[in-house]
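# Coordinate analysis (summary)
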Amino acid sequence: MATHFKGPILYSAAQKGLENLNIGVWPDQCVKWDDFVMELDTGWTVVKDSGADVSIAADVANGVLVITSAATTDDDGGSIQANEIFKLPDVQGEMIYFETRVYVDTTSGAGVGQMDAFWGMCENFTTNPEAGFLVNNRIGFQLDDGSARLRLITEKGGTETETVLAATHDLVDGTYVTLGFTATKGKITNGTEVVQFYVNKQLVGSHTDNVPTANMTPAIISVSGDATGTKSMGIDYVLAAGDRGVAYNLSI
């Protein structure tokens, strides 16, 4: 029997993650999407060190944006960020969403433990990519120099909650991983906000503390952790979205 839908069809993948995100044009959600297939969207701001490079790789399947540090230079890298247009909605049960597919690579063979990186949403930053680690409001995944462990981060007003994932989720040099999260207004019964984090579409952790309510931008940061070789990050795509908090009286 045929199934008929009114309005946009909901995302309905079998994997957990962004299953409640609408696809196609849906005006009740604000969406920022880039697949990096031709050129860097003018909606991105690049903040990078002078020797670093942020550009789309030529003739790579599916489109990839690559951030590369200057060779043999510590604390060097680049970042992309958009506009601060996403925030936790005011309506209970509504959400913001983030997902990206990325890899990190060290030609020196030093491994991903020699990079600092962030993937998620945060307040805008200027001057250099490292400034993105110091903003007061953010949600996302972080990689710290000296470890391949992924860290789950929620930070509100400069107070941070961090969860270090188990070794089974360690990043592997040159291997893609999908990172995503949803942040929901008042998801649990006492009305507390919750962020749910996903690695390769699987739920790996949740935070209910220090969930920011400030406006934030989707952002990705890649910085070298030592002066050996060149460090780089490939970004296959970035998706950020948020419910607008609109309501309609459909009984009229």
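Position numbers for residues count from 1 along each chain, tracking the sequence in the order it is written. The predicted nature of this model means local features are confined to residues of pLDDT at least 70 and side-chain atom pairs, given and counted, to a pLDDT of 80 or more, with totals for whole chains, interfaces and linings taken over all residues. As a rule here, side-chain values cover all heavy atoms of the structure and leave hydrogens and water aside.

### Let's talk about the environment of glutamine 142
Inspection of the secondary structure puts glutamine 142 in strand 8 (residues 138-143). Counting along the chain gives 78 residues from glutamine 142 to isoleucine 220, while the straight-line C-alpha distance between them is 9.9 Å. Every residue pair with non-hydrogen atoms within 4.5 Å of one another is taken to be in contact. Non-local contacts of glutamine 142, meaning those with residues more than four positions away in its chain, are made with Ala117, Phe118, Trp119, Phe133, Arg149, Leu150, Arg151 and Ile153. A polar side-chain atom of glutamine 142 sits 2.6 Å from a polar atom in the side chain of arginine 138. Put simply, DSSP marks the helices as runs of H or I at least four residues long and the strands as runs of E at least two long, and each gets a number from the N terminus on. Under the rule applied, a polar contact is a pair of N or O atoms within 3.5 Å (in protein, one hydrogen donor and one hydrogen acceptor; residues adjacent in sequence only if both atoms are side-chain atoms).

### Remarks on the side chain of histidine 207
Tracing the sequence through the fold places histidine 207 in strand 13 (residues 202-207). Within the local environment of histidine 207, its side chain forms a polar contact with the side chain of threonine 163, the two groups lying 2.7 Å apart.

### Concerning unusual backbone geometry
Backbone geometry at asparagine 62 places phi at a positive 75°, although glycine is not the residue there. The topology assignment puts asparagine 62 in the loop between strand 3 (53-56) and strand 4 (65-68).

### Remarks on the sheet that holds strand 7 (residues 115-122)
Read from one edge to the other, the open sheet built from seven strands follows the order 2-5-14-7-8-9-10, with strand pairing classed as antiparallel. Two strands bound the open sheet, and with one partner strand each, they are strand 2 (45-48) and strand 10 (159-164). Averaged over all pairs of adjacent strands, the angle between their axes in this sheet comes to 15°, without regard to strand direction. Direction of pairing for strand 5 (residues 77-81) relative to strand 14 (residues 217-224): antiparallel, over a ladder of five bridges. Bridge pairing links glycine 78 to serine 222 in strand 14. Only strands joined by at least two bridges in the DSSP assignment are considered to pair. Between the N-to-C directions of two axes lies an angle of 0 to 180 degrees, each axis being a line fitted to C-alpha atoms and, for a helix, fitted only over the stretch in contact.

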